[in-house]
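Here's the letter readout for the chains.
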Amino acid sequence: WIGAAYLLFLAWKSWTAPPPEPAARASVRTWNIVRRGMLSNLLNPKPVLFLLAFLPQFTNPAYGPVWQQFLGLGLIFAFTGTLVTMGYGIVAGYAGHVIGRRLGLINRIAAVMFAGLAIRLRAEIMAVLAVVAGWLLLQLWSLAHDARAHQRARASIHDGYVRALQRCATDRPL
């Protein structure tokens, strides 16, 4: 129930959210973005480990010092990686501008999705509760049925004992 209520709260907040103002986006200089990206890549040990594991198969001591081959292949890898990442950045920037202009519509779509998820979650909770209630009713019916069957069996056994005793008392063979 709490999860469904929270999803409804998010739906309400998304539906009533005002569109952001275009001036709200902070303008960041390109050099600061490039500097932060370079620092992040230089401090990340995974590409270095990848290159140390991947590049040796492409080196040959007959072509010269191996460290120079590593350096050349590493620079090629870094250059092509930079070009690909710049392409991702350009596409993401364009998508950000396009999405930013339609953020009111996107908030409404998100609100409808949150509300739909809340309704589905509540329906699933109700289905689980119905299954549990059905199982409990089945158990209660089974217990009641077993008790009646037990009473009938006891009565039948008791009647059999009484008849056997009556036959013994009259000395008639069973």
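This one's a predicted model, so the numbers in the text were calculated from it and none came from an experiment. (Residues numbered from 1 in each chain as written. Predicted model: local features only at pLDDT ≥ 70, side-chain atom pairs only at ≥ 80, totals over all residues. Heavy atoms only, no water.)

A look at the overall build of the protein
Here is step 1: Helix and strand content of the protein: 5 helices and 0 strands.
Here is step 2: Each helix and strand of the protein, ordered N terminal to C terminal, gives the series α-α-α-α-α.
Here is step 3: Taken across its 174 residues, the protein has 7% of its residues classed as buried.
Here is step 4: Here the protein has roughly 14800 Å² of accessible surface; of this, 71% comes from carbon and sulfur atoms. (Helix = DSSP H or I, 4+ residues; strand = E, 2+ residues; numbered from the N terminus. Buried < 20%, exposed > 50% of the residue type's maximum accessible area, 1.4 Å probe, protein only. Areas by Shrake-Rupley, 256 points an atom, 1.4 Å probe, with all protein chains shown as cover.)

Observations concerning the packing of aromatic side chains
Here is step 1: One pass over the full model with this rule turns up 4 aromatic pairs.
Here is step 2: For the pair phenylalanine 50 and phenylalanine 54, a centre-to-centre distance of 5.1 Å together with 15 degrees between the ring planes defines the contact as stacked. Within this pair, phenylalanine 50 and its partner phenylalanine 54 are both found in helix H3 (residues 45-54), separated by 4 residues, close to a single helical turn.
Here is step 3: Members of the aromatic cluster, each reached through a chain of ring pairs, are Phe50, Phe54, Phe58 and Phe77.
Here is step 4: The ring of tryptophan 15 has arginine 108 lying over it, and the distance from NZ or CZ to the ring centre is 4.3 Å. (Phe/Tyr/Trp six-rings, centres within 6.5 Å; stacked < 30°, edge-to-face > 60°. Lys NZ or Arg CZ within 6 Å of the ring centre and 35° of its normal.)

Re the environment of glycine 37
Here is step 1: Considering the arrangement of structural elements, one finds glycine 37 in helix H2 (residues 30-42).
Here is step 2: A relative accessible area of 33% places glycine 37 in the partly exposed class.
Here is step 3: Considering only alpha carbons, one finds glycine 37 and threonine 82, 45 residues apart in sequence, at a separation of 9.9 Å.

In short, shape yes, function no, at least from these values alone.
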